[in-house]
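Results of the structural survey
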Amino acid sequence: ETRKKKKDKCLNIHGNVGHCHNCKTSYLISDSDNSKQYKTVTIDNSRFSERIEQYLQGRGISRDTAILYGCFETSKGWLGLPQYYKGEIVNVKARNIDKKDFRLIPEAMLSFFGFHLIDHSDKDIYITEGEIDAMSIKEATGQAALSIPNGAKNINFLDDVWDFIKHAENFHIFGDADADGIEFRDEISKRLGRDKCYYYTYPDDCKDINEVLLTHGKERVQEILSTPSEYPIKGILDTSHLIESV
């Protein structure tokens, strides 16, 4: 009842540690209370057809990069985008390449696409809003990037994977240049810690980093990654911090 804005979320949970940003209380959740049972995933990810390869090449993604990320063709002929946890596939986003349609395995764990490509020695972690964007960064720069599993508005999965990314000193966030993308960028930065987060802007004719790759080439992607923007210190703002939101 002491909160000034009743609708603002003040509770964050990372793993089994909870923290209230209103009363500044932290607490530990016992393993028995925080256990989650997820569906076990068994898939055949050995098929990689010419049709899938051609689709990805049309998005600027080479076969080598796609194979590195574990992409495959599902039994329905869709593009399979696997999500990893501790080196194992825990879920798959199936993407219809003929029309915009996605499917996830219900009741299975959600995790990062590309999670098997980073380890505890990585001080910088690159996180995108979409799988094609993650592969675009890898394609253009050689830097492995992760993608969130289920759209800009669904980032609660971070609670399950936090212990495996909390070592990072910097998080580099790539959202789409639209309202949902800005909301994703701002919300995930709150979870990760804004003092550790950087974000990036694209040319006016591009809404995401994949469009930069397709329209302007690898060199422009590299240029964008070399010019990150820092989140402003709380309470100190100028017009450059507000213009995108306006």
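Above this text sits the structure in question.
Residues numbered from 1 in each chain as written. Predicted model: local features only at pLDDT ≥ 70, side-chain atom pairs only at ≥ 80, totals over all residues. Heavy atoms only, no water.

Observations concerning the nonpolar core
Within the largest apolar cluster, 31 residues are counted, with the highest numbers of intra-cluster contacts made by L56, Y69, C71, L79, M135, F174 and I209. Elements that contribute at least two residues to this core include exactly α1 (50–58), β5 (79–85), α3 (131–141), α6 (209–216) and α7 (218–225). Here this core takes five residues from α3, the largest share from any one element. When sequence neighbours within four positions are dropped, the list of residues in contact with F174 reads Y126, I127, T128, E129, I137, F184, Y200, Y202, I209 and L225. Counting residues in hydrophobic clusters, the runner-up holds 30 residues, among them Y84, I89, F184 and Y231. (Core = buried A, V, L, I, M, F, W, Y, C linked by side-chain atoms within 4.5 Å. Buried < 20%, exposed > 50% of the residue type's maximum accessible area, 1.4 Å probe, protein only. Helix = DSSP H or I, 4+ residues; strand = E, 2+ residues; numbered from the N terminus. Contact = heavy atoms within 4.5 Å.)

Structural notes on the environment of G130
Here G130 lies in the loop between β8 (124–128) and α3. In the structure, G130 is positioned 44 residues away from F174 in sequence and 8.9 Å away in space, judged by C-alpha atoms.

Things to note about the pattern of salt bridges
Under the criterion given, the structure shown has 13 salt bridges. With its nearest N and O atoms 2.4 Å apart, the salt bridge here joins E73 to R47. With E73 in strand β4 (residues 72–73) and R47 in the loop between β3 (26–28) and α1, the pair connects residues that are 26 residues apart, well separated along the chain. Note that E131 is salt-bridged to K93, the shortest N-O span being 3.0 Å. Here E131, found in helix α3, pairs with K93, found in strand β6 (residues 88–96); they are 38 residues apart in sequence, far enough to count as distant. For E131, a relative accessible area of 4% gives the class buried. Bridged by salt links that share partners, the residues R47, R51, E73 and D98 form one connected network. (Salt bridge = Lys/Arg side-chain N within 4 Å of Asp/Glu carboxyl O.)

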